[in-house]
Number of protein chains: 2
Amino acid sequence: MKTESVATSQALFISTEAMLAHWQGHRNLTRRTIELFPEDKLFDYSVGGMRPFAHLAMEMIDIAVPGVKGLASGEWEKVEEFDHTKSMPTTKEGLLELWDKATQVIDETWPSITSERFQKVEVAFGQYENSNYATLLYFVDNEIHHRGQGYVYLRSLGIEPPFFWER
Amino acid sequence: MKTESVATSQALFISTEAMLAHWQGHRNLTRRTIELFPEDKLFDYSVGGMRPFAHLAMEMIDIAVPGVKGLASGEWEKVEEFDHTKSMPTTKEGLLELWDKATQVIDETWPSITSERFQKVEVAFGQYENSNYATLLYFVDNEIHHRGQGYVYLRSLGIEPPFFWER
């Protein structure tokens, strides 16, 4: 009965299934952005003293994997428990491999997350209190934001970034 | 009956009401990003040959206003019909004024957009065929993407951008 009351009292903007496709579309675009960086620039180039793109991509992976698990289970790893740098690959190939593993974990875990779970307010990563849908949107928004940074890095290296609308 | 079948056959990720709050939260952050630019840099500074931030902000306004009207009515202006540069303000104050007018139009128009409208596939701006929810997400994503660029501009000017998580 609870399922029905959620579904009928709130007007649906986007379904959980469509949201997964939307996120994975963005992740596919980010993957292609990683691929466009020359190997060395991926790890050491930046503008304005910001982090190199490999570090930004690693942050996205480190949020996505425990994030989707937290959304599914309600059990959130503490922020202190993961450290972006310790598991950081040193090659583009290694980074893309981690990226693809994350893609798989997301696809496998997502279908078990119910609509009710997404409406629930929880303390993500033991620190960020929000509705779970807002927490997931934060993951996606953070990725778009940092990828936008990466586009400037690429442009300033004279490399044309992927079309933003191709997912 | 159609309303019920949409609501019960698809698992809700986020409601239309929450999506408005999410979008306006992002727009509030972008407004604060505009404010942080020194007047001259807003209109003429960029990195990597990309557009100055005022032009990016103007694009966001030019998408948001006819965009929300198209989502509500199903009548879409053609892309050729609007020209970012012709209505471009020459001061930060003028730009912020347009921004705030857009905020108001969005708040006034949004409540009339039904869940069914968002699930409908249409050709936005006479050119982009997609589900209306995906079209709206595109507006928001495009804003986050370009604001991410603006963050790099600010950092490279030695100015600290607003916290990404404050909306």
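Fair warning: this is a prediction, and the values are worked out from it, not measured in the lab.

Draft legend 1. Structural view of the relation of the copies chain B and chain A. Of the transformation superimposing chain B on chain A, the axial component is 0.0 Å and the angular component is 180°, with the fit at an RMSD of 0.0 Å. Both copies are brought into coincidence by an operation consistent with a two-fold rotation axis. Comparing interface residues between copies, 100% of those in chain B also sit at the interface in chain A, which points to an isologous, same-surface contact.

Draft legend 2. Here's a closer look at the nonpolar core. F13, W110 and L136 of chain A together with F13, W110 and L136 of chain B are the most contacted members of the largest nonpolar core, which totals 54 residues. The set of elements that each furnish at least two residues to this core consists of β1 (12-15), α2 (16-36), α4 (53-73) and α7 (132-156) of chain A together with β1 (12-15), α2 (16-36), α4 (53-73) and α7 (132-156) of chain B. L136 of chain B has contacts with F13 of chain A together with M19, W23, L71, W110 and F118 of chain B, leaving out every residue within four places of it along the chain. Of all hydrophobic cores here, the second largest spans 47 residues; its members include F43 and A102 of chain A together with A57 and I61 of chain B.

Draft legend 3. The arrangement of the environment of Y128 of chain A in detail. Residue and element names in this part refer to chain A. Relative to the helices and strands, Y128 is located in strand β3 (residues 128-131). For the pair formed by Y128 and R155, sequence separation is 27 residues and the distance between their alpha carbons is 34 Å. Once residues lying within four places of it in the same chain are set aside, the contact partners of Y128 are V79, E122 and V123.

Draft legend 4. A look at the UniProt feature "binding site: a divalent metal cation" (unreviewed entry) in chain A. Residues and elements named next belong to chain A. Following the UniProt record, one finds the feature "binding site: a divalent metal cation" (unreviewed entry) at H146. Considering the arrangement of structural elements, one finds H146 in helix α7. Aside from chain neighbours lying at most four places away, what touches H146 is R51, F53, L56, E59 and M60. Within the structure, the side chain of H146 is placed 3.2 Å from the side chain of E59, a separation counted as a polar contact.

Draft legend 5. Spotlight on unusual backbone geometry. Notably, F125 of chain A is not glycine yet its phi reads approximately 55°, a positive angle. Within the secondary structure, F125 of chain A sits in the loop between β2 (121-124) and β3.

Draft legend 6. Broad picture of the interface of chain B and chain A. Each partner contributes to the interface: chain B provides 37 residues, whereas chain A provides 37 residues. A combined buried area of about 3,600 Å² lies between chain B and chain A, and 73% of that area is made up of carbon and sulfur atoms. Sorting the residues of chain B by area buried against chain A places L12, F13 and H145 of chain B first, and these three jointly supply 24% of that buried surface. There are zero salt bridges connecting chain B and chain A. Between the two partners, chain B and chain A, sit 14 residue pairs in polar contact (both at pLDDT 80 or more). Contributions of two or more residues to the side of chain B that touches chain A are made by α1 (2-9), β1, α2, α6 (115-119) and α7 of chain B. Counting residues per element, the side of chain B that touches chain A draws most heavily on α7 of chain B, at 14 residues. For the side of chain B that touches chain A, the class distribution of residues is 20 nonpolar, 14 polar and three charged.

Cut-offs used in this document
Along each chain, residue indices are assigned from 1 in the same order as the chain's sequence is written. As a convention, the first chain written is A and the first ligand written is 1, with the rest following in written order. Local features in this predicted model are restricted to residues whose pLDDT is 70 or higher, and side-chain atom pairs enter the listing and the counts only when it is 80 or higher, whereas totals over whole chains, interfaces and linings include all residues. Think of the side-chain values as coming from all heavy atoms in the structure, minus any hydrogens and water. For the least-squares superposition of copies, only C-alpha atoms count, and only for residues with pLDDT at least 70 in both. Here, residues are in contact when the closest pair of their heavy atoms is within 4.5 Å. Buried residues of nine kinds, namely Ala, Val, Leu, Ile, Met, Phe, Trp, Tyr and Cys, make up a nonpolar core once their side-chain atoms join them within 4.5 Å. Throughout this description, buried means an accessible area under 20% of the type-specific maximum (1.4 Å probe, protein chains only), exposed means over 50%, and partly exposed covers the range between. Helix numbering and strand numbering both begin at the N terminus, where a helix is a DSSP run of H or I of at least 4 residues and a strand a DSSP run of E of at least 2. UniProt positions are given in the numbering used here, feature names are shortened, and annotations may be inferred rather than shown by experiment. Think of a polar contact as two N or O atoms within 3.5 Å of one another; within protein, one of them needs to be a possible hydrogen donor and the other a possible acceptor, and neighboring residues in sequence only count if both atoms come from side chains. Reported buried area values correspond to the accessible surface (1.4 Å probe) lost by two parts on association, with both partners' losses combined. In what follows, salt bridge is the name for a side-chain nitrogen of Lys or Arg lying within 4 Å of a carboxyl oxygen of Asp or Glu. When residues are grouped by polarity, Ala, Val, Leu, Ile, Met, Phe, Trp, Tyr, Cys and Pro land in nonpolar, Asp, Glu, Lys and Arg in charged, and all others, Gly among them, in polar.

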